[in-house]
Amino acid sequence: MAQRTTEVIVGLFMIAGIAAMMFLALQVSGLTPKAPERSYTLYANFNDAGNLAPRAKVSMAGVTVGKIREITLNQETFQARVVIDVNESVDNIPADSSAVIRTSGLLGEQYIDISVGGDMESLGDGDTFYSTQSAMNLERLITNFASGQSK
């Protein structure tokens, strides 16, 4: 009887451990089953999207205000067209704001940082950022520096 009780306790402990590991894995991956916040769509065109990926964060002043839905190639301009979902609670982004691709840390993931402008008019659903700054390509910079090219 004592051995059976020990086996049941160990089994319950193992199930709780596996459940905790699954919970942590979902939290880290961002796949938590939470209700999505209502959002609106903005667009940004970049000459070089670098390693920007869907579901990457979009931030303003260091605060996450949305995420990237998708990245496609515009066949007419040959630029990367980024579709951004911005939380509906942030509905007053000035129309002259710019979207800049930044990197978290030295080798971290890339995200879009919105540099706020001063226009009284705000961007609305379906609008496009007029000003963008592409990802800094470190490999290209090193190659240009090593070869003596200025650009």
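Quick caveat: nothing in here was measured; it's all calculated off a predicted structure.

(A) Fine view of the pattern of salt bridges. According to the stated counting rule, one finds three salt bridges in the structure shown. As a salt-bridge pair, Asp85 and Arg69 come within 2.7 Å of each other at their nearest N and O atoms. Of this pair, Asp85 sits in strand β4 (residues 79–87) while Arg69 is found in strand β3 (residues 63–74), placing the two residues 16 residues apart along the sequence. On the accessibility criterion, Asp85 (12% relative accessible area) is buried.

(B) Broad picture of the side chain of Ser98. With respect to the helices, strands and loops of the structure, Ser98 is situated in strand β5 (residues 98–103). Not counting chain neighbours up to four residues away, the residues in contact with Ser98 comprise Asp113, Ile114, Ser115, Phe129 and Ser131.

(C) Fine view of the pairing of β3. Of the strand pairs in this sheet, strand β2 (residues 57–60) and β3 are connected by four bridges, and their pairing is antiparallel. Following the sheet pairing, Lys57 is matched in β3 by Lys67. Following β2, the chain reverses through two residues before pairing antiparallel with β3; Ala61 in that reversal takes a positive phi of roughly 55°. Note that β3 and β4 share eight bridges and pair antiparallel. When the sheet's bridge partners are listed, Leu73 is paired in β4 with Ala80.

(D) Structural context of the nonpolar core. Counting residues in hydrophobic clusters, the biggest one holds 24 residues, and the most contacted among them are Ile84, Ile93, Ile112 and Phe129. Those elements that provide at least two residues to this core are β1 (39–46), β2, β3, β4, β5 and β6 (110–115). Not counting chain neighbours up to four residues away, the residues in contact with Ile84 comprise Tyr40, Thr41, Leu42, Ala44, Val58, Lys67, Ile112 and Phe129.

Conventions we followed
Residues numbered from 1 in each chain as written. Predicted model: local features only at pLDDT ≥ 70, side-chain atom pairs only at ≥ 80, totals over all residues. Heavy atoms only, no water. Salt bridge = Lys/Arg side-chain N within 4 Å of Asp/Glu carboxyl O. Helix = DSSP H or I, 4+ residues; strand = E, 2+ residues; numbered from the N terminus. Buried < 20%, exposed > 50% of the residue type's maximum accessible area, 1.4 Å probe, protein only. Contact = heavy atoms within 4.5 Å. Pairing = 2+ DSSP bridges. Core = buried A, V, L, I, M, F, W, Y, C linked by side-chain atoms within 4.5 Å.

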